[in-house]
Amino acid sequence: MNLVVVSNRVARGKPNEPMTGGLAAALLPVVEHSGAIWVGSSGRVRDGHQKEPFAEIEALGAGAIATLDLPAAHYGGYYEGFANSALWPALHSRSDLIRVSREDYVSYREVNAFMARALMRFRKTKTAFWVQDYHFLALGAELRDLGVDDPIGFFLHTPWPVAAVMQGVPNHRELITAMLAYDLLGFQTEEDRHNFLGYVGGELGLAIDDGVAISQHGRTRCEVFPIGIDAEKFAAYAAKSASHPDVSRLRRSLNGERLAIGVDRLDYSKGLVNRISAFDRLWTEQPQFARSISLLQIANPSRGAIEAYGNLQNEVARLVTDVNGRHGEVDWTPIRYLNKGFSQAVLAGLYRTAQIGVVTPLHDGMNLVAKEYVAAQNPADPGVLVLSKFAGAANELDTALLVNPHDIDGMARAIAVAASMPLTERKMRWDAMMKKLRGHTIQQWSADFVAALEKCRTEKAAVAPLAAQPPQALRWLKSAISGVRLI
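Residues numbered from 1 in each chain as written. Predicted model: local features only at pLDDT ≥ 70, side-chain atom pairs only at ≥ 80, totals over all residues. Heavy atoms only, no water.

Looking at an unreviewed UniProt entry, one finds the chain named Trehalose-6-phosphate synthase and attributed to Bradyrhizobium frederickii. According to the UniProt record, the Sequence similarities (unreviewed entry) comment for the chain is "Belongs to the glycosyltransferase 20 family." Taken verbatim from the UniProt record of the chain, the Subunit (unreviewed entry) comment is "Homotetramer." (UniProt positions renumbered as here; feature names shortened; annotations may be inferred.)

Given below as structure tokens:
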């Protein structure tokens, strides 16, 4: 089977270049080893006068990546608008931050349609499409609208919230109905799957049969596929990185103090304000930890054109300055705050240097940083992971110190416990987590999803849809929201 992987952006996978996020880190090994074609945006835009989408293709291991310029007239409304100012806050249960217009939704659908047309050139005999994340919820419906009857699967890297939150997204019924054009919908956790099926059954009134939603598209199976990492590869990175200049300089600068590390995109879902406040509380309430624990917080800015992100960047910077001003000394900086990215090879060494990994999102689909921190540790002297119970990773890494990121005092206590934990307990907790990581790798994740996609497509072919639909069944939606084709 020829596999075409689709996401908003792609990554080249160069070990010495910064990663763009968890999705890129997850998909790179899949493409490199499976021979898949990974299709996504180039990050550039162009006007809509080209006759068809133009793709640049280059090799990536056994596979290839293909990038295309998205239409300039719709990119802003699609990306900064509907995807990241409506869907992202809703998916992370922050409906108070939804800021979106009707035109944004039109642009979102237009870019999904544009990508569907671009994918047709990669369609061969026995092709399967695997679509990634919230940018392309409607892409499966657009492919069906073009006559594609191949297997099409979708994996959501973010959480899926309760129905009441999704109801705050404009056009939510049309959008989620379009999602049911996929043969397989994959979620990070059972809670996410349960929430989605709750919406489909309650809001759309559709029948649910053992995790399968029955709609005018036929059968859509909903399953859970917790995403993993290549733990052995990451451990090898960590072991080799001791001589890297960034890692060796960090180690020399510690002067015997214990280091905690946080690595996040600068996003309101990551709980950075609460995390910094917890360290502030620790140094205030337990001053014996001053000079003995410091925090290295790497926070790479993103989506700066969106108001909520600009406000957050300013708030975090002010808070770090305030905390350092009150607790710092002439020869000690409590929080080292960096607004730049690092390659996986360097991050592995930074993780290994830190005795405490602090991963405390308010809500996260999985959070691969938690898994990477564990994999990077020295087996003979592992660090301690402090992990939010609202991260999907908490379902697997249950021997971490699990915390409520809204409980500042509780997080401060957990950090203190992590700093004082004896070696025997640290090794016990780490061994249990590494066993989980080795048993649920990124390779197994992708293999499980593709196998399930093949299976459910076979099942779907054997069962006739409830009602036959004309080939252009979704065009009513296009005409309803936009009146005419815009590209």
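All right, on to the sheet that holds strand β14 (residues 356-359) then. Strands sit in the order β13-β12-β11-β14-β15-β16 across an open sheet of six strands; the sheet is parallel. One side of each edge strand has no neighbouring strand; the edge strands of this open sheet are β13 (335-338) and β16 (401-403). Strand after strand, the sheet turns through a mean of 20° between neighbouring axes, direction not considered. Direction of pairing for strand β11 (residues 258-265) relative to strand β12 (residues 293-300): parallel, over a ladder of eight bridges. Each bridged residue has a counterpart across the sheet, and for A260 the counterpart in β12 is L295. Of the strands in this sheet, β11, β12, β13 and β14 are in contact with helix α10 (residues 272-285), which crosses β12 at around 170°. (Pairing = 2+ DSSP bridges. Helix = DSSP H or I, 4+ residues; strand = E, 2+ residues; numbered from the N terminus. Axes fitted to C-alpha atoms, helices over the stretch in contact; angles between N-to-C directions. Contact = heavy atoms within 4.5 Å.)

Tallied over the entire structure, the rule returns 22 aromatic pairs. Here F234 and Y237 contribute two aromatic rings whose centre-to-centre distance is 6.3 Å and whose plane-to-plane angle is 80°, an arrangement assigned as edge-to-face. Here the residue F234 and the residue Y237 both occupy positions in helix α8 (residues 231-240), the gap between them amounting to three residues, near one helical turn. F234 sits in the buried class, given a relative accessible area of 4%. Members of the aromatic cluster, connected to one another through ring pairs, are Y75, Y78, Y79, F82, Y105, Y108 and F136. Its guanidinium or amino end placed over the ring of W88, R303 lies 4.4 Å from that ring's centre, counting from NZ or CZ. (Phe/Tyr/Trp six-rings, centres within 6.5 Å; stacked < 30°, edge-to-face > 60°. Buried < 20%, exposed > 50% of the residue type's maximum accessible area, 1.4 Å probe, protein only. Lys NZ or Arg CZ within 6 Å of the ring centre and 35° of its normal.)

The subject of this paragraph is helix α13 (residues 368-375). The α-helix winds at 3.6 residues per turn, so residues separated by three or four positions along the chain end up facing the same way. Of all eight residues in α13, eight are buried; the element is thus mostly enclosed. Where α13 is concerned, the buried positions are L368, V369, A370, K371, E372, Y373, V374 and A375. Where α13 begins, one side-chain oxygen reaches toward the backbone nitrogen of V369, 3.1 Å away; that side chain belongs to N367. (Polar contact = N/O pair within 3.5 Å; in protein donor to acceptor, adjacent residues only side chain to side chain.)

As a further point, take unusual backbone geometry. Despite not being glycine, N171 shows a phi value in the positive range, around 65°. Within the secondary structure layout, N171 lies in the loop between α5 (163-166) and α6 (172-179). Taking the relative accessible area as the measure of exposure, N171 reaches 24% and is therefore partly exposed.

Take the domain arrangement of the chain next. You'll often see interface size given as the accessible area lost when the parts meet. The domains assigned to the chain are domain 1 (1-225 + 440-460) and domain 2 (230-437). Each of domain 1 and domain 2 has a C-alpha centre, and these two points are 30 Å apart. On the domain 2 side, the residues contacting the 31 residues of domain 1 number 27 residues. Around 2,200 Å² of area is buried between domain 1 and domain 2 when both sides are counted, 56% of it from carbon and sulfur atoms. One can count zero salt bridges joining domain 1 with domain 2. Inspection of the domain 1/domain 2 interface yields seven residue pairs in polar contact (both at pLDDT 80 or more). When residues of the side of domain 1 that touches domain 2 are traced back to their parent elements, those giving at least two are α1 (22-34), α2 (72-91) and α16 (442-462). Sorting elements by how many residues they give to the side of domain 1 that touches domain 2 places α2 first, with seven residues. Of the residues assigned to the side of domain 1 that touches domain 2, the class counts are 13 nonpolar, 14 polar and four charged. (Domains from an automatic or database assignment. Buried area = accessible area lost by both parts, 1.4 Å probe. Salt bridge = Lys/Arg side-chain N within 4 Å of Asp/Glu carboxyl O. Nonpolar A, V, L, I, M, F, W, Y, C, P; charged D, E, K, R; others polar.)

Okay, the sheet that holds strand β3 (residues 55-60) next. Judged by pairing direction, the sheet is mixed, and its ten strands sit side by side in the order β3-β4-β2-β1-β5-β6-β7-β10-β9-β8 without closing on themselves. Two strands in the sheet have a free side with no partner beyond their single neighbour: β3 and β8 (207-209). Strand-to-strand, the axes of this sheet are offset by a mean angle of 25°, without reference to chain direction. Looking at chain direction, strand β7 (residues 184-187) and strand β10 (residues 218-224) are connected through four bridges and run parallel. Note that in β10 the partner of L185 across the bridge is C222. Across the sheet, helix α3 (residues 102-119) lies against β1 (2-9), β2 (37-46), β4 (63-71) and β5 (127-132), angled at about 140° from β4, the strand it touches most.

This next bit is on empty space enclosed by the protein. Overall, the coordinates contain two cavities of 30 Å³ or more when judged by the stated rule. Listing elements by their share of the lining of the second largest cavity, those giving two or more residues are β15 (384-388) and α15 (423-439). Each residue belonging to the lining of the second largest cavity can be placed in one class, and the counts come to four nonpolar, two polar and two charged. (1 Å grid on protein atoms, 1.4 Å probe; cavity = no way out; pocket = protein on both sides within 12 Å on 5 of 7 lines; lining within 4 Å. Points joined across faces, edges and corners; volume = space filled by probe spheres on them.)

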